[in-house]
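Listed below, chain by chain, are the residues.
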Amino acid sequence: MERKIIFITGSSGGIGKETAKTLAKQGNTVIVHGPTKELAETACKEIKSETGNQKIDYVYADFFSLADIKRMANELKKKYERLDVLINNAGAMFGTERETTIDGNEKTFALNLFAPFLLSQLLLEVLVKSPAARIINVSSSAHSLSGILNLNDIQLENNYTFGTAYGQSKLYLIWVTQHLATELKEKGLAHITVNSLHPGMVKTAFGQNAKKGFLIDFLLKLSRPFSRKPKQGAETAIYLATSKDVENVTGKYFSDKKITNPSEKFYTKKNEKIIWDYCMQITKPYLEKFTN
Ligand SMILES: NC(=O)c1ccc[n+]([C@@H]2O[C@H](COP(=O)([O-])OP(=O)(O)OC[C@H]3O[C@@H](n4cnc5c(N)ncnc54)[C@H](OP(=O)(O)O)[C@@H]3O)[C@@H](O)[C@H]2O)c1
């Protein structure tokens, strides 16, 4: 099997760490990411000792800061001339109170949408050097439970609930995946594919980081015995990163390693473009002009 250079965000724990372990076992160069140096370094050491693969590296960045994402991307670009796979896996659902980041963005949208959007843009420079690069965005089937969209209040300043923020951030991630796929084709960069996926309901730290009210906390606990193990949750991302079956597949949404139709409830080409332009506007101070 040909070896790849693979970068996985949010691989200090959960599905991301399992994804990293399997890809490391296959002999790939794997770059691990966590929100702090300590978390990323610990995961890196664990993966090295468990898999015997010494080509494991780590970077860190707090995705609540667009500047920190850019610093990390610059570090990666200095160290690696080429990147074959970018797995935008880091993501979370937050609590009942709406909170914002240092950039003034609502936390769920910052982590689940703006971070993968910015990172994909900044790393195009090294992805383009791969003979066949793949961007994989970890979304969720919860995108179909997104509540009513208000594209005049994308970050839910007025009607925030954690479920709406989570569902909409994952819906918009699917839309920007589709849009980027079209843009890459139009720019003659069809050798970079970009797809999104739902990993299944997986037993990780997901949903445990903030209080969501008694009923939701109870339901989340209740669902845990029926959830998949992180290793199973990693399967679709691993498939998209390595399988020949999806070599030229782009702009699609996958579940259980199969192309699946995402919710079409609010989808229009115009809405997709509104979200794309909005992400561009939010990340603009940190974007670089990409010349191939
Ligand atoms: N678990 C599920 O049932 C499920 C279902 C559908 C979709 N998903 C999606 O799958 C992806 C992985 O989730 P998971 O279940 O593996 O969750 P997890 O165990 O909570 O892992 C999330 C990863 O993201 C990192 N992260 C969190 N906040 C961050 C920040 N501010 N900056 C940088 N990194 C940050 C975490 O770091 P630390 O924890 O090390 O601090 C961790 O490495 C997410 O995108 C999630 O939305 C999960």
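This write-up is about the structure you can find in this document. Computed from a predicted structure; not experimentally measured. (Residues numbered from 1 in each chain as written. Predicted model: local features only at pLDDT ≥ 70, side-chain atom pairs only at ≥ 80, totals over all residues. Heavy atoms only, no water.)

With that out of the way, let us pick up the overall build of the protein. A count of helical and extended segments in the protein gives nine helices and eight strands. A compact globule built from 292 residues would reach a C-alpha radius of gyration of about 19 Å, and the protein, at 18 Å, matches this within 12%. Going through the 292 residues of the protein one by one, you find that 56% of them count as buried. Sequence-distant contacts in the protein: of pairs separated by 6 or more residues, those separated by 24 or more amount to 76%. If you sum the accessible surface of the protein, you get close to 13,600 Å²; carbon and sulfur atoms cover 53% of it. Averaged over its 40 positive side-chain charges, the protein has a centre that lies 4 Å from the centre of its 30 negative ones. (Helix = DSSP H or I, 4+ residues; strand = E, 2+ residues; numbered from the N terminus. Rg over C-alpha atoms; globule rule 2.2 N^0.38 Å. Buried < 20%, exposed > 50% of the residue type's maximum accessible area, 1.4 Å probe, protein only. Contact = heavy atoms within 4.5 Å. Areas by Shrake-Rupley, 256 points an atom, 1.4 Å probe, with all protein chains shown as cover. Lys, Arg positive; Asp, Glu negative; His and termini not counted. Charge placed at Lys NZ, Arg CZ, Asp CG, Glu CD.)

Once that is clear, we can look at the sheet that holds strand β2 (residues 29-34). Pairing within the open sheet is mixed, and its eight strands lie in the order β3-β2-β1-β4-β5-β6-β7-β8. Edge positions in the sheet fall to β3 (56-60) and β8 (258-260), since each of these pairs with one other strand and no more. Sheet twist, expressed as the mean angle between neighbouring strand axes with direction ignored, is 25°. Where strand β1 (residues 5-8) lies against strand β4 (residues 85-88), three bridges are found, and the strand directions are parallel. Note that in β4 the partner of I8 across the bridge is I87. (Pairing = 2+ DSSP bridges. Axes fitted to C-alpha atoms, helices over the stretch in contact; angles between N-to-C directions.)

Another point: the site of the ligand. By nearness alone, 30 residues border the ligand, and S12, N89, Y166, V202 and T204 come closest of all. The separation between an oxygen atom of the ligand and a polar main-chain atom of I15 is 2.8 Å. F63 places a main-chain nitrogen or oxygen 2.9 Å from a nitrogen atom of the ligand. Across the complex, the protein chains shield 88% of the 900 Å² of accessible surface that the ligand would expose by itself. At the level of secondary structure, the elements contributing two or more residues to the shell around the ligand comprise α1 (14-25) and α5 (162-186). Within the shell around the ligand, the residues separate by chemical class into 15 nonpolar, 13 polar and two charged. (Near = heavy atom within 4 Å. Polar contact = N/O pair within 3.5 Å; in protein donor to acceptor, adjacent residues only side chain to side chain. Nonpolar A, V, L, I, M, F, W, Y, C, P; charged D, E, K, R; others polar.)

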